[in-house]
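Coordinate inspection notes
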Amino acid sequence: MRIVIAGFGTVGQGFAEVLHLKSDLFDEPVKIVAAFDSKSYVTDSGGLDPVALVNRKKETGAVGPNRMGSGIDVLDSVDYDVLVEVSPTDIRTGGEGLRHVEHTLRKGKDVITVNKGPLALKFNKLNRLAKKKGSILRFEGSVGGAMPIINLCSENLRGEQVRSIRGIFNGTCNFILSRMDTGLPFEQALKEAQQLGYAETDPTYDIEGIDTACKVVILANSIFNRDVTFADVSITGITSVSSEAIALAADQGMVIRLIGEVSDTVLEVSPRLVPKGHPLSVSGTLNTARIQTDLAGTITISGKGAGRIETASAILSDLMAIMDSRR
Ligand SMILES: NC(=O)c1ccc[n+]([C@@H]2O[C@H](COP(=O)([O-])OP(=O)(O)OC[C@H]3O[C@@H](n4cnc5c(N)ncnc54)[C@H](OP(=O)(O)O)[C@@H]3O)[C@@H](O)[C@H]2O)c1
């Protein structure tokens, strides 16, 4: 299995490390034949050493010695089987990530991505393209990071009718809201999240509910077979959640959490009151979801929604599923 890694930041490096850590899992050779970041690339049809790639990136800031032109040129310059697309999410246009994914599927090759941009904007188009070309498109880590949800619903719960999913899909917002539970005002809780590396310098995607909305769209299309995009989601972020509202909720035995909800008819992201002790009242950066099904009833899952190795674990599981399918 020959892999190209597009994007060599937190997740790209984490995935390379996981490939190294788990190398004895595979009963066929698994090789990274190319990797690229925003400025550089490296290729080797014989296989690149994942540890050396990570070390070079850490030491020099570049994954490879070659100056980057376009990602498409790199993809065209090597023979590969699977693209692991982990470049930045661009929710406005899908960005370069969308071009990489489309290009790879069009060539009949497989894609694993955790980049929400292409999925939240063009899910059904990409899925149709994959089907037409006999490619496999997998994206477990795009929702909930290490928390298994997409493959859980579409594979383990096969035959069930999933009626609704409600969940916490953004660890940054959950951290901020749980710090506000202790009396911190929003601005201070946000600052703390930034200091701890949970929130970006520009936290807009998270706190305005945009990141959660992308995940709700991915769930709607992949699990509920809907044909929706980001623009169809009703979104309210957490910027308007005041300390007074948190205190009032606490008086009633409640907390406020940013909940994404999806069903055949609902597509919504909003701060909601959740009773203390309810499975969705979790604190900190955890992601949690309640999946309502017709036969199994309610299933609750929880796990780390982000992180270098955690997100890479979802990519590994997608890679192994592709290897099984291709065998
Ligand atoms: N971090 C998480 O835990 C997590 C969890 C779930 C999903 N995701 C998604 O995974 C993706 C990657 O996240 P991350 O945290 O790894 O981001 P990151 O640390 O910012 O890394 C992004 C990488 O993409 C590279 N890049 C930028 N433009 C590129 C282009 N046009 N072509 C190829 N590479 C390009 C960057 O290059 P430079 O190194 O040269 O800047 C960097 O190596 C995002 O879409 C994110 O939403 C992340």
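Structural data are supplied above this passage.
Just so we're clear, the structure is a prediction, and the values are computed from it rather than from any experiment.

A short note on the environment of Tyr198
Within the secondary structure layout, Tyr198 lies in the loop between α8 (186-195) and α9 (204-207). Along the chain, Tyr198 and Gly171 lie 27 residues apart, while their C-alpha atoms are 7.7 Å from each other. The residues touching Tyr198, leaving out its near neighbours within four places in the chain, are Gly171, Thr172, Phe175, Ala193 and Thr285.

Focus on the site of the ligand
Surrounding the ligand, one finds 25 residues, the nearest of these being Gly7, Gly9, Asp37, Glu96 and Ala306. With three residues, helix α1 (residues 10-21) is the single largest residue contributor to the shell around the ligand. Residue composition of the shell around the ligand, by class: eight nonpolar, 13 polar and four charged.

Details of the sheet that holds strand β6 (residues 110-113)
Strands sit in the order β4-β3-β2-β1-β5-β6-β7 across an open sheet of seven strands; the sheet is mixed. Looking at strand neighbours, the two that pair on one side only are β4 (66-67) and β7 (137-138), the edges of this open sheet. Pairing geometry for strand β2 (residues 31-36) and strand β3 (residues 40-48), over four bridges, is antiparallel. The residue of β3 that forms the bridge with Ile32 is Leu48. Those strands touched by α1 are β1 (2-6), β2 and β5 (82-85), and its axis lies near 155° from that of β1.

A word on the nonpolar core
Ranked by size, the top nonpolar core spans 96 residues in total, and within it Ile5, Phe15, Ala35 and Val84 carry the most contacts. The dominant element in this core, judged by the number of residues it contributes, is helix α10 (residues 210-223), at nine residues. In this structure, this core is formed jointly by two domains, domain 1 (2-146 + 308-326) and domain 2 (151-304), each of which donates at least three residues.

What counts, and where the lines are drawn
Residues numbered from 1 in each chain as written. Predicted model: local features only at pLDDT ≥ 70, side-chain atom pairs only at ≥ 80, totals over all residues. Helix = DSSP H or I, 4+ residues; strand = E, 2+ residues; numbered from the N terminus. Contact = placed C-beta atoms within 7 Å. Near = placed C-beta within 6 Å. Nonpolar A, V, L, I, M, F, W, Y, C, P; charged D, E, K, R; others polar. Pairing = 2+ DSSP bridges. Axes fitted to C-alpha atoms, helices over the stretch in contact; angles between N-to-C directions. Core = buried A, V, L, I, M, F, W, Y, C linked by C-beta atoms within 7 Å. Buried ≥ 20, exposed ≤ 12 C-beta atoms within 10 Å, placed from the backbone. Domains from an automatic or database assignment.

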